[in-house]
Amino acid sequence: MNHSSRETDMKSGIDPTMIKKDFPILKKKMNGKPLIYLDSAATSQKPKEVIDAITEYYENYNANIHRGIYKIAETATEKYIESKRKLARFIGAGKFEEIIYVRNTTEAINLVALTWGMSNIKKGDRILISEMEHHSNIVPWQMLAKRKGAVLDYIKMDNNMEGLSEQSLREQIEKGPKMLAITHVSNVLGSINDVKRITKLAKKEGTTVLIDGAQSAPHMPVDVRAIGCDFFALSGHKMLGPTGIGALYGKTELLESMEPLFGGGDMIKSVAFDSYTPNDLPWKFEAGTSNIEGGIALGTAVDYLERIGMENIRGHEKELTAYALERLAKINGLKVFGYGRADIEKRGGVVSFSLDKIHPHDVSAVFDSFGIAIRAGHHCAMPLVRGIFKVGALSRMSFYLYNDKSDIDSAIDAIGSVKKVFKVK
Ligand SMILES: Cc1ncc(COP(=O)(O)O)c(C=O)c1O
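Keep in mind it's a predicted model, so treat the numbers as computed, not measured.

Engineer: Any chance you could explain the environment of Phe 262 here in plain terms?
Structural biologist: Summarising the element assignment, Phe 262 is placed in the loop between helix H10 (252-257) and strand E11 (268-271). Between the C-alpha atom of Phe 262 and that of Met 143, which follows or precedes it by 119 residues, the distance is 18 Å. The residues contacting Phe 262, other than those within four sequence positions of it, are Met 267 and Ala 287.

Engineer: Help me understand the pairing of strand E4 (residues 99-102), please; the structure alone is not making it clear to me.
Structural biologist: Put simply, side chains in a regular strand alternate between the two faces of the sheet. Side chains Ile 99 and Tyr 101 project from E4 onto one buried face, and the interleaved Ile 100 and Val 102 project onto a second face that is buried too. Sheet analysis places E4 next to strand E10 (residues 246-250), joined by four bridges and oriented antiparallel. Each bridged residue has a counterpart across the sheet, and for Val 102 the counterpart in E10 is Gly 246.

Engineer: Help me understand the sheet that holds strand E8 (residues 208-212) in this model?
Structural biologist: Neighbouring strands of a sheet are bound in pairs by backbone hydrogen bonds; such pairs are parallel or else antiparallel. The strand order across the open sheet formed by seven strands is E4-E10-E9-E8-E7-E5-E6, and the pairing between neighbours is mixed. Strands at the two margins of the open sheet, each flanked by one partner only, are E4 and strand E6 (151-155). Pairwise comparison of adjacent strand axes, ignoring direction, gives a mean angle of 20° for this sheet. In this sheet, strand E7 (residues 179-183) lies alongside strand E5 (residues 126-130) in parallel orientation, the contact comprising two bridges. For Leu 128, the partnering residue across the bridge sits in E7 and is Leu 180. Across the sheet, helix H4 (residues 71-90) lies against E4, strand E9 (231-235) and E10, angled at about 115° from E4, the strand it touches most. Against the sheet, helix H8 (residues 195-204) contacts E7 and E8, and its axis sits at roughly 160° relative to E8.

Engineer: How should the pattern of salt bridges be read in this particular structure?
Structural biologist: A side chain with one charge may pair with a side chain of the opposite charge, provided their charged atoms come close. One pass over the structure, following the stated rule, counts 22 salt bridges. The residue Glu 82 makes a salt bridge to Arg 85 at a minimum N-O spacing of 4.0 Å. Taken together, the positions of Glu 82 and Arg 85, both in helix H4 and three residues apart, correspond to about one turn of that helix. Note on Glu 82: relative accessible area 34%, which makes it partly exposed. The structure contains a network of salt bridges with shared partners spanning Glu 166, Arg 170, Asp 194 and Arg 197.

Engineer: Can you walk me through the environment of Tyr 101 in this structure?
Structural biologist: Following the sequence through the fold, Tyr 101 ends up in strand E4. We classify Tyr 101 as buried; its relative accessible area is 6%. Sequence separation between Tyr 101 and Arg 225 is 124 residues, and the spatial gap between their C-alpha atoms is 19 Å. The contact partners of Tyr 101, leaving out residues within four places of it in the chain, are Tyr 80, Ser 83, Lys 84, Leu 87, Ile 245, Gly 246, Ala 247, Glu 286, Gly 295 and Leu 298.

Reading the values: the criteria
Residues numbered from 1 in each chain as written. Predicted model: local features only at pLDDT ≥ 70, side-chain atom pairs only at ≥ 80, totals over all residues. Heavy atoms only, no water. Helix = DSSP H or I, 4+ residues; strand = E, 2+ residues; numbered from the N terminus. Contact = heavy atoms within 4.5 Å. Buried < 20%, exposed > 50% of the residue type's maximum accessible area, 1.4 Å probe, protein only. Pairing = 2+ DSSP bridges. Axes fitted to C-alpha atoms, helices over the stretch in contact; angles between N-to-C directions. Salt bridge = Lys/Arg side-chain N within 4 Å of Asp/Glu carboxyl O.

Put into structure tokens, the structure is as follows:
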């Protein structure tokens with residue numbers, strides 16, 4: 001990287017050159033080239049201290065939580081609860097009891113659909129989502145609507161296919177849906193929905209609101225109480241944590257009113273031959289032995305993110321995205337989807353593009369040969385990509401705190417090589 005681009009990278013208060021050193025995988029090679037990882041929207045890389053937290057648990061205090069009256073079981077229990085306290089603080093929740101650990105965002109949304117949804121949605125009720133949702137925030141509601149005979153409505157994309165149509169948003173909310181489930185940040189376009197304002201509009205109609213925070217919690221400050229939502233779902237693996245751990249935030253009164261999803265150990269206070277009494281929050285929703293090391297290591301990931309600062313991370317990704325958009329705009333035959341550079345405030349660090357008639361899998365394969373990881377496909381948003389954009393697949397670069405402008409420069413060079421290989425100008 002040249003000196004001037006290093007300075008610009010550090011405007012946000014982040015020095016990606018230093019940060020990269022914390023991530024062992026970023027010292028590796030892919031196809032003989034230094035790995036350049038531009039697929040953090042799919043899953044993030046993990047800093048050494050998160051990896052170490054897992055080893056430390058198994059080497060020093062591996063024991064089941066809640067049950068043991070001995071030192072290492074107490075340590076495991078304390079650390080697991082402590083990680084919930086950290087996550088609660090990180091997303092602005094009131095208390096750790098409002099944090100339910102699940103496997104990922106998908107499970108968090110399904111939990112709400114299967115518990116709150118099964119008790120509260122009746123025949124003919126409306127459920128509202130948007131056209132830019134990930135399959136994880138579409139299919140659970142399709143399943144619920146089918147089971148209950150409810151109507152599933154979609155907030156339409158705007159005419160430029162960048163964000164949501166304000167008119168459609170207002171019209172749909174005025175219909176008084178029972179549930180509004182909407183993404184905070186699109187994993188295809190990077191478009192940021194103003195979920196605070198949208199929640200306020202929905203609340204006037206008495207609608208229960210769930211925010212899919214899979215692409216926001218890792219990348220920007222989040223405050224669930226300021227947003228005013230009832231539920232917020234996130235995945236640990238997208239925010240420097242391990243796979244297999246995610247969280248559902250829910251308001252206490254709602255979580256208390258809901259039936260448990262799974263029955264078994266830990267989720268009960270007492271069991272008789274003919275009945276059971278559910279446990280207190282959050283354990284009521286965590287049946288069986290938890291992903292203990294996953295929860296603890298997610299707490300370590302939160303420590304890491306807080307040390308860097310979420311405002312800094314957001315600022316850094318904004319700079320990288322603006323830089324990428326500026327460079328991509330100069331490439332013939334390349335089309336970027338979503339908001340342009342002038343609307344950078346409405347955009348997260350996700351850039352999807354198409355390149356002439358070259359298939360995104362071919363684009364991705366050439367990138368791979370240069371050691372650059374990007375994603376190609378429908379990005380688990382087939383209704384948007386295939387139904388609205390009318391393309392089979394898109395290439396997608398996504399940025400995180402460990403990326404710098406030289407990573408983007410390498411990607412731009414790789415696009416030049418793709419064009420050469422496929423003989424397009
Ligand atoms: C916006 C959005 N929602 C939900 C998900 C699902 O996340 P997970 O596979 O971790 O459940 C993703 C994953 O890419 C996503 O980007």
